[in-house]
Amino acid sequence: MRIYIKDIKNKIGEEIKIKGFVQTIRDQSKIKFLIIRDISGIIQAVLLSENSEAFKATDGLTNESVVEIIGKAKEEKQAPEGVEIEIREIKILSLADPNLPIPVVEKTGGEVDVNKRFDWRWIDLRKNDKLMMMKIWTEMERFFRKFWEENKYLEIHSPKLMGSPSESGANVFEVKYFDRKAYLAQSPQFYKQMAMASGLEKVFEVGPVFRAEPSFTTRHSTEFVGYDAEISYIESHQDVIGEIERMINFVLSGIKDKFEGEIRDVFGQEVVVPQIPFPQLTMAEAKKILSNLGVPSQDNDLSPEEERAICDYIKEKEGHEFVFITEYPIDIRPFYHMRKEDNPNITKSSDLLWKGVEIITLAQREHRYDVLVNQAKEKGLGNSVDFYTNFFKYGCPPHGGFGLGASRFLMKMLDLPSIREATYLFRGVNRLEP
Ligand code: 4AD
Ligand code: MG
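Definitions and cut-offs
Residues numbered from 1 in each chain as written. Chains lettered and ligands numbered in written order. Predicted model: local features only at pLDDT ≥ 70, side-chain atom pairs only at ≥ 80, totals over all residues. Heavy atoms only, no water. Axes fitted to C-alpha atoms, helices over the stretch in contact; angles between N-to-C directions. Helix = DSSP H or I, 4+ residues; strand = E, 2+ residues; numbered from the N terminus. Parallel < 35°, antiparallel > 145°, perpendicular 65-115°, else oblique. Left-handed = near helix turned anticlockwise from the far one by under 90°. Contact = heavy atoms within 4.5 Å. Nonpolar A, V, L, I, M, F, W, Y, C, P; charged D, E, K, R; others polar. Salt bridge = Lys/Arg side-chain N within 4 Å of Asp/Glu carboxyl O. Buried < 20%, exposed > 50% of the residue type's maximum accessible area, 1.4 Å probe, protein only. Arc of directions from axis to C-beta. Pairing = 2+ DSSP bridges.

A.B. asks: Give a detailed account of the packing of helix 6 (residues 237–267) against helix 11 (residues 406–414), specifying residues and quantitative values.
C.D. replies: Two elements in contact, helix 6 and helix 11, have axes whose closest approach is 10 Å; the angle formed by their N-to-C orientations is 50°. Judged on the interaxial angle alone, helix 11 and helix 6 are oblique. Once helix 6 is placed against helix 11, the crossing between them reads as right-handed. Between helix 6 and helix 11, the residues in contact are Ile248, Val251, Leu252, Ile255, Ile263 and Phe267 and Phe409, Met413 and Leu414, respectively. Here the contact of helix 6 with helix 11 is built from residues that sort into nine nonpolar, no polar and no charged.

What follows is the structure, given as structure tokens:
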């Protein structure tokens, strides 16, 4: 039976079988040293010329070929992990072309052009830091789900093909749909709200989100994984904020327990479990601080530069990595955000910033049919949203929720330079392959 490389140290003196990629080959005519890599780690495999059959079988063996090895586990002080395997039998399961387009083992890292690296993403992902990113993603998603599960959320899978755009006409991908047009969902927004009208009370969704944004930033992709949730019977958006604080605290505690050392070693980052409550600033307060700091303001939204500056300010002043910006004016928010009772120009919504980047948008939604229809009209939306406003016609609890970009969250957690590095396969304006 095959064992994982990390378990070899418990099998000293025994004959074992391993399978994996050949990371490097050192051929010294009488002896060959192979470094074998599997999902759990690397090990040195030694092949002596006395074992003529196996020795011959590895003539022409190339780096990154996939092999099966049977041999004896031995202690060896000189070997990378203090153990090695002496090969009795080796089978080549897949011979790699010797001309690797990109190296798997880089001397310093970052020596290959990024675009070339993404052209050959399946080889790029063989590297230890990429594998670690995938392992952490898996746990991150598991902790989010665990939070939702423990707090009695129901899971929905809403359709991504829609008869009309899910947020606005802008940024939407049109697709041919038999003899009519369909649109790819820009958010599960409308359908997670429908679940509130269906009495499902608390729902979450993990699913693809499509944005036809011609952006070339380090934080935008045209397809990403969204973590969305919607909650009934809230009193205001502050209840959504409270839920988000507990959720992020829960997820980052879990990640810290599991991966603190690896994240420090591989990514040079400390995982900080954030104190509750997180700091909050209204948009007006944030703008005032930014103006005092001399950061230029383009409009009444926050530019990337302003997001960075406000996070640096909060970090400095309160020692917190997160900040909620509240009181967004209605002109930069969608029609479905509820407005403040005492100031109809301000929405009951917020963005959560983490280390300089927006990771969440949240709001209390307008659940009153007449008010909602008026707000849609005011934003110039025609009857294309009738299907949506109808959800609120036959009874619907007050509710609110949020959307979080999984790759943005992971990018910030690991301090990766771009969302592309925090994604299995990136999709952008100029990237549809592989
Ligand atoms: O801020 P967004 O556009 O909000 C919505 O979709 C609302 N329906 C959410 C809600 O419940 N009110 O998207 C939510 C999050 C952003 O905060 C960001 O983390 C991520 O999704 N995101 C992107 N991630 C990668 N590439 C893009 N182009 C993204 N656009 C948004
Ligand atoms: Mg947003």
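A.B. asks: Explain the pattern of salt bridges to me, and be specific about the residues and the numbers.
C.D. replies: For the coordinates displayed, the defined rule picks out 39 salt bridges. The partner of Arg88 in a salt bridge is Glu89, with the nearest N and O atoms 3.7 Å apart. The exposure class of Arg88 is partly exposed, given its relative accessible area of 43%. Residue Glu89 is classed as partly exposed on the basis of its relative accessible area, which comes to 35%. Ionic pairing is found between Arg365 and Glu230, a salt bridge with its closest N-O pair at 2.7 Å. Linking Arg365 in the loop between strand 17 (357–364) and helix 9 (369–378) with Glu230 in strand 11 (residues 223–232), this pair joins segments that are 135 residues apart in sequence.

A.B. asks: Describe helix 9, naming the residues involved and giving the relevant values.
C.D. replies: Among the residues making up helix 9, those that are buried are Leu372, Gln375 and Ala376. Considered in projection along helix 9, the buried side chains sweep an arc of 100° and stay on one side of the axis. In helix 9, those exposed residues whose orientation departs by more than 90 degrees from the buried face are Asp370 and Lys377. At the C-terminal side of helix 9, Gly380 shows a positive phi close to 80°.

A.B. asks: Describe the pairing of strand 18 (residues 399–405), naming the residues involved and giving the relevant values.
C.D. replies: Counting buried positions along strand 18 yields six of seven residues, so the element is predominantly enclosed. Inspection of the sheet shows strand 11 paired to strand 18 by seven bridges, in the antiparallel sense. Bridged to Tyr227 within strand 18 is Leu404. The pairing of strand 17 with strand 18 spans five bridges and is antiparallel. Counterpart to Thr361 in the pairing with strand 18 is Gly403.

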